[in-house]
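Fold and geometry: a report
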Amino acid sequence: MSFIETDEQKALREAVAKLAAKYNFRDYAGPKARKGEPFDELWDEAGKLGFLGVNLPEEYGGGGAGIYELALVQEELAAQGCGLLLMVVSPAICGTIITKYGTEDQKQHWLTKLADGTGKMVFGITEPDAGSNSHKITTTARRDGEDWILNGRKIFISGVDQAEAVLIVARTENAKTGNLQPALFIVPVDTPGFVKTKQEMDIIEPDNQFTLFLDDVRLPATALVGQRDAAIAQLFAGLNPERIMGAAMAIGMGRYAIDRAVSYAKERAVWKGVPIGAHQGISHPLAQVKIELELAKVMMQKAAFLYDAGDDFGAAEAANMAKYAAAEASIKALDQAIQTHGGSGLTSDVGLAGMLAAARIARVAPVSREMILNFVSQHSLGLPRSY
């Protein structure tokens, strides 16, 4: 593993950074988010440039690269305050799962759309009574002839109003044991019996959250992704990319905050004409956050490298650690950037305070910091399982 990026990766960073500057937080992303409007223009242009599907196979219109490159795209967008949440679920989770386990027809139909951004697929796993315990999922799928019938409820599902379909995690009955086991289904949003209800959130975000109701949703046999008895492996195939992409978004946000703070600290003078950045009370906290962001980024790069190399267990440990570290560093960076600005840091003109809630999401989603600590305690330290 090398921490020196290739010429192609460096060129990709430069190209994405150029696009992100055009859709920066102050001029584009911030105003759109305050109105609750998705970043459609950015999404469309990023798709046309090939950024959204950089990790997907070339034969389906993708870039043929890996999660490392997709995370790179997310980081550079977020570094200008315009990270794309649906990149986490559409090309990273859904695209990865379909690439690994989908049929040829599913790949031809969906990957081509996910690759150029003309179609979006979101991910439906969370349920009101299951929370972090996916073993308690109660959405069920039963056979009816050649069809499947889905019933259940999902909550906190992002971007359903922008998507053509939702990749739903349900449970099927094992014919041999009678036990329920996870299975994945592609559910078009216009399927009869599928109802979405917008959830009111108290944060500034461009993407809406939804509660989903599945009432006798009938699907053809072709809606099943992969083998029903291999669904645990299929489900976890999308979770490492999810954590890596979440870390990338948090790291980018942290970079954005620090850049704003440093720029202000170089110019703002209060005592004897000396910039406030010369004072250790300002410079040291910013330097500390810079270090923590870089450490989180190294772990994210390690996770992406291991995942692309096929080391699923190594990637899982690193991805969880990266997501944890990036969330903590991002929140700290944003808080310190606001503190550096003083009272003006809370104004809409500066635009930092409005990002606090978005940064705070990384502590609870897609997996909470407590569940990450459980994972590290059990799998990295070998301590007894606590739940």
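Notes on the structure follow. Note that this is a predicted model, so its numbers are computed, not measured.

Put simply, side chains in a regular strand alternate between the two faces of the sheet. The buried fraction of strand β4 (residues 165-173) is high, at eight of nine residues. Across four bridges, the pairing between strand β1 (residues 121-124) and β4 is parallel. Within the sheet, the bridge partner assigned to V122 lies in β4 and is V166. For β4 and strand β5 (residues 180-188), the ladder comprises nine bridges, and the chain directions are antiparallel. Its bridge partner being in β5, T172 is matched across the sheet by Q181.

Turning next to unusual backbone geometry. Each neighbour pair has its own omega, and for A365 with P366 the value is 0°, a cis peptide bond. For P366, the position within the fold is in the loop between α11 (356-361) and α12 (369-380). Positive phi is not limited to glycine here, since D216 has a value of about 50°. Residue position: D216 is located in strand β7 (residues 209-219). Residue class for D216 comes out partly exposed when judged on its relative accessible area of 45%. One non-glycine residue, K272, lies in positive phi territory at about 55°. Among the structural elements, K272 can be located in the loop between β9 (269-271) and β10 (274-275).

Thresholds, definitions, all that
- Residues numbered from 1 in each chain as written.
- Predicted model: local features only at pLDDT ≥ 70, side-chain atom pairs only at ≥ 80, totals over all residues.
- Heavy atoms only, no water.
- Buried < 20%, exposed > 50% of the residue type's maximum accessible area, 1.4 Å probe, protein only.
- Helix = DSSP H or I, 4+ residues; strand = E, 2+ residues; numbered from the N terminus.
- Pairing = 2+ DSSP bridges.

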